[in-house]
Amino acid sequence: MPLGSTFDLTSSLESTMKLFTTSLLAAALLTTAGMAHAAPNCTIKLKGDDRMQFDLKSVTVSASCPSITIELAHVGKMPVQAMGHNVVISATKDLSTVAAAGIKAGAAAGYVPKADARVLAATPIIGGGAKTSAKFAGKRLKAGGDYSFYCTFPGHSAIMKGKLVVTK
Ligand code: CO
């Protein structure tokens, strides 16, 4: 049927146009997402509580950040002697040995071994209601490397830890 054929052709053209428009929209969305992704995150913002937990299991930062800021808020109420929290960053493979060295360094050292090359960054240790921060250069991290953040208060690093994902 000639009439049917004409109808089908028009319908097919419309479908092609719709597909084309959809593709353009998808491409535009992908570009926007790509741009948003490219904006580097230079802050590690964590909350620690009286249940010996960080609020995040993973944080992503960029090695291109001239300076990365660690911001830690202890949202609990327990004193530093009982439920102290800090944020230490190292390669994941060094987590347990750095935590052990931290315990050896003791409370006066904030449970962080001094002049230890494995420690890439560390905040002071704080108790409930307090906030602290520390800064370090993004170039200390390598994009795609395996890093962790954790608390070195005795006994905490086993569960009070997360993955630090590093992008370019
Ligand atoms: Co802790």
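Residues numbered from 1 in each chain as written. Predicted model: local features only at pLDDT ≥ 70, side-chain atom pairs only at ≥ 80, totals over all residues. Heavy atoms only, no water.

A. Region of the structure containing the pattern of salt bridges. For the coordinates displayed, the defined rule picks out four salt bridges. Across the pair aspartate 94 and lysine 93 runs a salt bridge, and its minimum N-O distance is 3.4 Å. Under the relative-accessibility criterion, aspartate 94 is labelled buried at 12%. (Salt bridge = Lys/Arg side-chain N within 4 Å of Asp/Glu carboxyl O. Buried < 20%, exposed > 50% of the residue type's maximum accessible area, 1.4 Å probe, protein only.)

B. Region of interest: the confidence of the model for the protein chain. Taken over all residues, the pLDDT of the protein chain has a mean of 87, while the share at 70 or more is 77%. Note on residues 24-34: pLDDT is under 50 here. Beyond four places in sequence and across chains, it has zero contacts. (pLDDT = per-residue confidence, 0-100. Contact = heavy atoms within 4.5 Å.)

C. Quick look at the sheet that holds strand S7 (residues 147-150). Within the open sheet, the five strands sit side by side as S2-S8-S7-S4-S5. Their pairing is mixed. At either end of the open sheet lies a strand with only one pairing partner, and these are strand S2 (58-62) and strand S5 (121-122). Of the strand pairs in this sheet, strand S4 (residues 88-91) and S7 are connected by four bridges, and their pairing is antiparallel. Bridge pairing links alanine 91 to tyrosine 147 in S7. (Pairing = 2+ DSSP bridges. Helix = DSSP H or I, 4+ residues; strand = E, 2+ residues; numbered from the N terminus.)

D. The packing of aromatic side chains, seen in detail. Under the counting rule described, the total for this entry stands at two aromatic pairs. With a centroid separation of 5.6 Å and 65° between ring planes, the pair formed by phenylalanine 54 and phenylalanine 149 is classed as edge-to-face. Taken together, the residues span a long stretch of sequence, with phenylalanine 54 in the loop between strand S1 (43-48) and S2 and phenylalanine 149 in strand S7 at a distance of 95 residues. Taken individually, phenylalanine 54 and phenylalanine 149 each receive the classification buried, so the pair is uniform in this respect. Aromatic side chains tyrosine 111 and phenylalanine 153 sit 5.4 Å apart centroid to centroid with 70° between the ring planes, which places their arrangement in the edge-to-face category. You can see tyrosine 111 sitting in the loop between helix H3 (95-105) and S5 and its partner phenylalanine 153 sitting in the loop between S7 and strand S8 (161-167), a full 42 residues away along the chain. (Phe/Tyr/Trp six-rings, centres within 6.5 Å; stacked < 30°, edge-to-face > 60°.)

E. Expanded view of the sheet that holds strand S3 (residues 68-74). Spatially, S1-S3-S6 is the arrangement adopted by the three strands of the open sheet, whose pairing is mixed. A single partner strand is all that each edge strand has here, and the edge strands are S1 and strand S6 (131-136). When strand polarity is set aside, the average angle formed by the axes of neighbouring strands in this sheet is 15°. Pairing between S1 and S3: six bridges, direction parallel. Each bridged residue has a counterpart across the sheet, and for lysine 45 the counterpart in S3 is glutamate 71. (Axes fitted to C-alpha atoms, helices over the stretch in contact; angles between N-to-C directions.)

F. Here's a closer look at the nonpolar core. Counting 25 residues, the largest nonpolar core has Ile44, Ile89, Leu141 and Leu164 as its most contacted members. The greatest single-element share of this core, amounting to three residues, is contributed by S3. In terms of nonpolar packing, the next biggest core, distinct from the first, is built from six residues, Val88, Leu95, Val112 and Tyr150 among them. (Core = buried A, V, L, I, M, F, W, Y, C linked by side-chain atoms within 4.5 Å.)

G. A look at the coordination of the cobalt ion. Within the first shell, the cobalt ion binds the protein through Gly84 (O), His85 (ND1), Cys151 (SG) and His156 (ND1), at distances of 2.1 to 2.6 Å. Coordination geometry of the cobalt ion: the four donor atoms subtend angles of 76 to 129° at the metal centre, consistent with an arrangement described as irregular. Look at where the donors of the cobalt ion fall in the sequence and you get G-H-x65-C-x4-H. Cysteine 151 sits in the buried class, given a relative accessible area of 0%. (Donors = N, O, S within 2.8 Å, 3.2 Å for Na, K, Ca; no water. Tetrahedral: all angles 85-135°; square planar, octahedral: opposite > 155°, others 65-115°.)

H. View of unusual backbone geometry. You will see that methionine 52, though not glycine, has its phi angle at about 60°, which is positive. Along the polypeptide, methionine 52 turns up in the loop between S1 and S2. On the basis of relative accessible area, methionine 52 is assigned to the partly exposed category, the value being 24%. With a phi angle near 55°, tyrosine 111 is a residue other than glycine that sits in the positive phi range.

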